[in-house]
Protein chains: 2
Amino acid sequence: MNKRKIGILVSGRGSNLQAIIDCILKGDLPLEIAAVISDKSDAPALERAAKAKIAGFTVNRREYSSKEEFEAKINAILTEAGCELVVLAGFMRILSATFVNRWQHKIINIHPALLPSFPGLDAQKQAVTYGVKISGCTVHFVDEGTDSGPIILQKTVPVLDGDTEDTLAARILEQEHKALPAALKLWAENKLTIEGRCVKILA
Amino acid sequence: MNKRKIGILVSGRGSNLQAIIDCILKGDLPLEIAAVISDKSDAPALERAAKAKIAGFTVNRREYSSKEEFEAKINAILTEAGCELVVLAGFMRILSATFVNRWQHKIINIHPALLPSFPGLDAQKQAVTYGVKISGCTVHFVDEGTDSGPIILQKTVPVLDGDTEDTLAARILEQEHKALPAALKLWAENKLTIEGRCVKILA
């Protein structure tokens, strides 16, 4: 059976990438990662890709004269590799509306908070500062806004007295490693439909 | 032992009032409800109070020439009854900054969403419309903002495909009936301390 191909955009350590790779290797996730693209040449995520024999690419923003050209290169790699879906796994750049519209309903992001609470940067720090008692993570389709697209699934964690940004981030990350593969599995099995801004999950 | 006295402000059916009464009757909540105050004379909550032999009061906004006088009457009843804490249990009016400051850190509200998501009116409808997969309720101290005060505890519920505002509200309400007595129990046992905008819970 031909597995559906996805591309994964990263900027850092790639622990969510690793979670996806591990699920695929265990046979739990019927997908092929056709490309891992990093905007940083030294991202440990690229080493994880290489170790798993996945094609890795660096697309350095500074080597392109415009954001448009930078994203055109990313788009070309994804298209060339036959990707049907783009997964943002710790990719630290905002994609333009042009790119998002080109991949409408075909970009998935994971955010370390229970959206719509705490969008944007430093979500875990925002949660600790606000004083919520429950936080978590959200997997969602990307739209033109910041962390505002249709939600696929969410997982919760308690926020404990004494938590710092780092201890909360570690607790949420454990759930991210479950949530992102689970969402991708639903997508791979064609169980997701988007109605307006709501995602319905077929039983 | 003298139990700490609380006053409860209501506007409607009073199901959260009933949850508190039931916990007290079961011996699970070391508090005395010294006054139930409704801004509507026909609120079923007043019948629940009467049935439990709790002093009930109607304070009708239209009988007072200003919000200040209306709230002064509420304040007088609470003070007269010896209340140390004011609980908003479906009270459908915004309290003035004057009243909130008079009772600083001594007003507790329950809101049917995981704050800071979906503050204000129609929280359950907001959640269904947004398409979150998890919602819940939040018990918090009241500050001058709308549903923005320090959070005591939160409980979650899943949002299911096909949920309407009403089905979600019913699922959240079950958790409200647990969350509000649980928060009041922590308060009654002197286990809550407010640090900045965070509530710490003593073990």
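The rules we used
Every chain is numbered on its own, with residues counted from 1 as its sequence reads. A letter from A marks each chain and a number from 1 marks each ligand, given out in the order of writing. Residue-level local features of this predicted model are given only where pLDDT is at least 70; pairs of side-chain atoms are given and counted only at 80 or more, and the full residue set underlies all totals for whole chains, interfaces and linings. Excluding hydrogens and water, the side-chain values take into account all heavy atoms of the structure. Residue-level confidence of the predictor is what pLDDT reports, using numbers from 0 through 100. Only the stretch in contact is used when a helix axis is fitted, and all axes are lines through C-alpha atoms; the angle between N-to-C directions ranges over 0 to 180 degrees. Put simply, DSSP marks the helices as runs of H or I at least four residues long and the strands as runs of E at least two long, and each gets a number from the N terminus on. Angle categories: roughly parallel below 35 degrees, roughly antiparallel above 145, roughly perpendicular from 65 to 115, and oblique for all the rest. Crossing chirality is assigned from the near helix's rotation relative to the far helix, an anticlockwise turn below a right angle marking it left-handed and a clockwise turn marking it right-handed. Contacts were defined at the residue level, with two residues in contact if any of their heavy atoms lie within 4.5 Å. Residue classes follow a fixed rule: Ala, Val, Leu, Ile, Met, Phe, Trp, Tyr, Cys and Pro count as nonpolar, while Asp, Glu, Lys and Arg count as charged, and any other residue, Gly among them, counts as polar. Two kinds of site are reported from a 1 Å grid over the protein atoms alone, namely cavities, where a 1.4 Å probe fits but cannot get out, and pockets, open sets with protein on both sides within 12 Å along at least five of seven lines, and residues are called lining when an atom falls within 4 Å of a point. Grid points are joined across faces, edges and corners, and a volume is the space filled by probe spheres set on the points. Copies are brought into register by a least-squares superposition over C-alpha atoms of residues with pLDDT of at least 70 in both. Each residue is assigned to one of three classes by its accessible area relative to the maximum for its type, calculated with a 1.4 Å probe on protein chains only: buried under 20%, partly exposed between the two thresholds, exposed over 50%. The pairing criterion is simple: DSSP has to find at least two bridges between the two strands. We call a crossover right-handed when, viewed with both strands directed away from the observer, the connection leading from the first strand over the helix to the second proceeds clockwise. Note: buried area is the sum, over both parts, of the accessible area (probe 1.4 Å) each one loses when the two are combined. Any Lys or Arg side-chain nitrogen located within 4 Å of an Asp or Glu carboxyl oxygen qualifies as a salt bridge. Pairs of N or O atoms are called polar contacts if they sit within 3.5 Å, as long as, within protein, a hydrogen donor faces a hydrogen acceptor (for residues adjacent in sequence, only side-chain-to-side-chain pairs).

Quick look at the confidence of the model for chain A now. Looking at chain A, pLDDT values average 97 and 100% of them are 70 or higher. For this predicted complex, the interface score ipTM comes out at 0.94, alongside a pTM of 0.95.

Let us look at the packing of helix 1 (residues 15-25) of chain B against helix 2 (residues 44-51) of chain B. Residue and element names in this part refer to chain B. The N-to-C vectors of helix 1 and helix 2 enclose an angle of 15°; their axes lie 9 Å apart at closest approach. One finds that helix 1 runs roughly parallel with respect to helix 2. When you trace helix 1 past helix 2, the crossing you get is right-handed. When helix 1 is examined against helix 2, the residues Ser15, Leu17, Gln18 and Ile21 are found in contact with a partner set consisting of Ala45, Arg48 and Ala49. Here the contact of helix 1 with helix 2 is built from residues that sort into 4 nonpolar, 2 polar and 1 charged.

One pass over the structure, following the stated rule, counts 1 cavity of 30 Å³ or more. Put simply, the largest cavity is a space of about 120 Å³. Sorting the residues of the lining of the largest cavity by element identifies strand 6 (134-141) of chain A together with strand 6 (134-141) of chain B as the ones contributing at least two each. Its residues placed into classes, the lining of the largest cavity shows 13 nonpolar, 6 polar and no charged.

It is worth spelling out the relation of the copies chain A and chain B at this point. By a simple turn and slide, chain A fits onto chain B: the slide is 0.0 Å along the axis, the RMSD is 0.0 Å, and the turn is 180°. When the rotation and shift are considered jointly, the pair of chain copies conforms to a two-fold rotation axis. Of the C-alpha atoms belonging to chain A, the one lying closest to the rotation axis is found on A:Ser117, 2.6 Å away. A share of 100% of interface residues in chain A that are also interface residues in chain B marks the association as one of identical surfaces.

All right, on to the pairing of strand 6 of chain B then. Residue and element names in this part refer to chain B. Along strand 6, 8 of the 8 residues are buried, which leaves the element largely enclosed by surrounding structure. Inspection of the sheet shows strand 5 (residues 107-111) paired to strand 6 by 4 bridges, in the antiparallel sense. Residue pairing across strands places Asn109 opposite His140, the latter belonging to strand 6. Two elements, strand 6 and strand 7 (residues 151-158), share 7 bridges in a ladder whose sense is antiparallel. Paired with Cys137 across the two strands is Lys155, which belongs to strand 7.

A separate point is the pairing of strand 5 (residues 107-111) of chain A. Residues and elements named next belong to chain A. When you tally the buried positions in strand 5, you get 5 out of 5 residues, the bulk of the element. On strand 5, burial covers both faces: Ile107, Asn109 and His111 on one face and Ile108 and Ile110 on the other are all buried. Of the strand pairs in this sheet, strand 4 (residues 85-88) and strand 5 are connected by 3 bridges, and their pairing is parallel. Bridge pairing in strand 5 links Val87 to Ile108. What joins strand 4 to strand 5 is helix 4 (residues 97-102), and the crossover it makes is right-handed.

Once that is clear, we can look at the side chain of A:Gln124. Residues and elements named next belong to chain A. For Gln124, the location among the structural elements is in helix 5 (residues 123-130). By relative accessible area, Gln124 is classed as buried at 14%. For Gln124, the contacting residues outside a window of four places in its chain are Pro112, Glu165, Leu168, Ala169 and Ile172.

The next subject is the interface of chain A and chain B. The accessible area lost on association of the parts is a frequent measure of interface size. The partner chain B presents 27 residues to the 27 residues of chain A that form the contact. Taking both sides of the interface into account, the surface hidden between chain A and chain B amounts to around 2,100 Å²; carbon and sulfur atoms contribute 54%. The largest per-residue losses of area from chain A upon contact with chain B belong to A:Pro116, A:Tyr130 and A:Lys133, which jointly make up 30% of the total buried on that side. Counting every contact that joins chain A to chain B gives 0 salt bridges. Linking chain A with chain B are 11 residue pairs in polar contact (both at pLDDT 80 or more), by the criterion used here. Broken down by secondary-structure element, the contributors of at least two residues to the side of chain A that touches chain B are helix 5, strand 7 (151-158) and strand 9 (198-201) of chain A. Tallying contributions element by element places strand 7 of chain A first for the side of chain A that touches chain B, with 6 residues. For the side of chain A that touches chain B, the per-class residue count stands at 14 nonpolar, 7 polar and 6 charged.

Attention now moves to unusual backbone geometry. Residue and element names in this part refer to chain A. That bond from Leu115 to Pro116 is cis: its omega, 10°, falls within 30 degrees of zero. Along the chain, Pro116 turns up in the loop between strand 5 and helix 5. Residues other than glycine seldom take positive phi values, yet Asn190 does so here, at roughly 55°. Relative to the assigned elements, Asn190 resides in the loop between helix 6 (165-188) and strand 8 (192-195). For Asn190, a relative accessible area of 52% gives the class exposed.

Residue and element names in this part refer to chain A. Here Ile54 is to be found in the loop between helix 2 (44-51) and strand 3 (56-58). Residue classification places Ile54 among the buried residues on the basis of a relative accessible area of 14%. In sequence terms Ile54 and Leu115 are 61 residues apart; their C-alpha atoms lie 31 Å from each other. If near-sequence neighbours (up to four positions away) are discounted, Ile54 is found in contact with Ile21, Ile33, Val36 and Ala49.

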